[in-house]
Amino acid sequence: LAKTTQPISMDSYEGQEVNITCSHNNIATNDYITWYQQFPSQGPRFIIQGYKTKVTNEVASLFIPADRKSSTLSLPRVSLSDTAVYYCLVGDRGGFQKLVFGTGTRLLVSP
Amino acid sequence: EPEVTQTPSHQVTQMGQEVILRCVPISNHLYFYWYRQILGQKVEFLVSFYNNEISEKSEIFDDQFSVERPDGSNFTLKIRSTKLEDSAMYFCASSDGRDNNEQFFGPGTRLTVL
């Protein structure tokens, strides 16, 4: 499984765009990049997944460069409720693969 | 929206006692998982379960742990003889095996071993 590296923490203010970058230099051809969000005292929640280029859903955008050695989760106009830990996971998405979490990025959104 | 539920939300037990953590996965899901998170640490995979048998287990999931799907809805994690270091948040998750492997997590059971 490819190792991922993310900033330990980030601070932002309400209404700003937040970009969290994840490095995964050893990503394999079959690997997808998936981001989960975890609020305090809750289970992780799937946010977005991509393989290459850009993916967008109602919550976030995921930017993946051509070499796929990194990815950036973009949260537009964050609010206080976006304060959470964000995890970048890299792995084969087939079947029922276990999820391997790193330490994640703790995002604190202030008023 | 369907969700994974877990009971109890908090379990306090004495060292050496047996505990059973219960989960009700989303009804049409076929793949089930247990993860744990020690306070302040990362989420760790324990075990995956499919078709009434363990698919994969981690090094953490030793002989004191077992899982069972006793009926069509519940999925349980049993810890036979709890240790202080078993204190953690235990999360159950389920998935329907779709291509994106999205796993739906329950709210967790906080286990405190005294």
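This text gives an overview of the structure that appears in the document. The structure presented is a predicted model; accordingly, all values stated were derived computationally and were not measured. (Residues numbered from 1 in each chain as written. Chains lettered and ligands numbered in written order. Predicted model: local features only at pLDDT ≥ 70, side-chain atom pairs only at ≥ 80, totals over all residues. Heavy atoms only, no water.)

Scanning chain B from N- to C-terminus turns up zero helices and eleven strands. Going from N to C terminus, chain B has its helices and strands arranged as β-β-β-β-β-β-β-β-β-β-β. The C-alpha radius of gyration of chain B comes to 13 Å, within 12% of the 13 Å expected for a compact globule of 114 residues. Reported as C-alpha extents along the three principal axes, the dimensions of chain B are approximately 40 × 25 × 25 Å. For chain B, the residues scored as buried account for 45% of the 114 residues in total. Here chain B has roughly 5800 Å² of accessible surface; of this, 45% comes from carbon and sulfur atoms. (Helix = DSSP H or I, 4+ residues; strand = E, 2+ residues; numbered from the N terminus. Rg over C-alpha atoms; globule rule 2.2 N^0.38 Å. Buried < 20%, exposed > 50% of the residue type's maximum accessible area, 1.4 Å probe, protein only. Areas by Shrake-Rupley, 256 points an atom, 1.4 Å probe, with all protein chains shown as cover.)

Moving on: the sheet that holds strand β8 (residues 75-79) of chain B. Backbone-to-backbone hydrogen bonds pair the strands of a sheet. The strands run either parallel or antiparallel. Residues and elements named next belong to chain B. Pairing in this open sheet of four strands is antiparallel, and the strands run β1-β3-β8-β7 from one edge to the other. For this open sheet the edge positions go to β1 (5-7) and β7 (65-68), each flanked by a neighbour on one side alone. Pairs of neighbouring strands in the sheet enclose a mean axial angle of 20°, with direction left out of account. Note: β1 against strand β3 (residues 19-24), three bridges, orientation antiparallel. In the strand pairing of β3, Thr-7 is matched with Arg-22. (Pairing = 2+ DSSP bridges. Axes fitted to C-alpha atoms, helices over the stretch in contact; angles between N-to-C directions.)

As a further point, take the packing of aromatic side chains. Evaluation of the coordinates by the stated rule reveals 16 aromatic pairs over all chains. Measuring from ring centre to ring centre gives 5.9 Å for Tyr36(A) and Phe101(A), while their planes differ by 70°; the resulting arrangement is edge-to-face. Linking Tyr36(A) in strand β3 (residues 31-38) with Phe101(A) in the loop between β8 (84-92) and β9 (105-110), this pair joins segments that are 65 residues apart in sequence. On the basis of relative accessible area, Tyr36(A) is assigned to the buried category, the value being 0%. Measuring from ring centre to ring centre gives 6.2 Å for Tyr36(A) and Phe105(B), while their planes differ by 80°; the resulting arrangement is edge-to-face. With Tyr36(A) in strand β3 and Phe105(B) in strand β10 (residues 104-105), this pair bridges two chains. Assessed through its relative accessible area of 11%, Phe105(B) is described here as buried. Through a chain of ring-to-ring contacts, the aromatic side chains of Tyr36(A), Phe46(A), Tyr87(A), Phe101(A), Tyr33(B), Tyr35(B), Phe45(B), Phe91(B) and Phe105(B) assemble into a single cluster. We note Arg68(A) situated over the ring of Tyr51(A); from NZ or CZ to the ring centre the distance is 3.9 Å. (Phe/Tyr/Trp six-rings, centres within 6.5 Å; stacked < 30°, edge-to-face > 60°. Lys NZ or Arg CZ within 6 Å of the ring centre and 35° of its normal.)

Each disulfide consists of one covalent bond between the sulfur atoms belonging to two cysteines. Inspection of the entire model under this criterion finds two disulfides over all chains. Disulfide partner of Cys22(A): Cys88(A), at an S-S distance of 2.2 Å. For the disulfide bridge between Cys22(A) and Cys88(A), the dihedral angle about the S-S bond is near -80°, and by the sign convention the bridge is left-handed. Within this pair, whereas Cys22(A) is found in strand β2 (residues 18-23), its partner Cys88(A) is found in strand β8, the two being separated by 66 residues in sequence. Its relative accessible area of 0% is what places Cys88(A) among the buried residues. Shown here is the disulfide that connects Cys23(B) with Cys92(B), its sulfur atoms set 1.9 Å apart. Here Cys23(B) and Cys92(B) share a disulfide; its torsion about the S-S bond, -60°, makes the bridge left-handed. Separated by 69 residues along the polypeptide, Cys23(B) in strand β3 and Cys92(B) in strand β9 (residues 88-95) bring together distant segments of the chain. On the basis of relative accessibility, which here comes to 1%, the residue Cys23(B) falls in the buried class. (Disulfide = S-S within 2.5 Å.)

Taken together, the contacts link 19 residues of chain A with 23 residues of chain B. Carbon and sulfur atoms supply 55% of the area buried between chain A and chain B, which totals about 1700 Å² over both sides. Viewed at the interface, chain B and chain A are joined by one salt bridge. In this structure, the connection of chain A to chain B is made through six residue pairs in polar contact (both at pLDDT 80 or more). (Contact = heavy atoms within 4.5 Å. Buried area = accessible area lost by both parts, 1.4 Å probe. Salt bridge = Lys/Arg side-chain N within 4 Å of Asp/Glu carboxyl O. Polar contact = N/O pair within 3.5 Å; in protein donor to acceptor, adjacent residues only side chain to side chain.)

Residues and elements named next belong to chain A. Strand order in the open sheet formed by four strands is β2-β7-β6-β5, and the pairing between neighbours is antiparallel. Single-partner strands in this sheet number two, and they are β2 and β5 (53-56). The sheet shows a mean angle of 15° between the axes of neighbouring strands, direction not considered. Summarising the sheet, β2 and strand β7 (residues 70-75) pair through six bridges and their orientation is antiparallel. Bridge pairing in β7 places Thr-21 opposite Thr-72.

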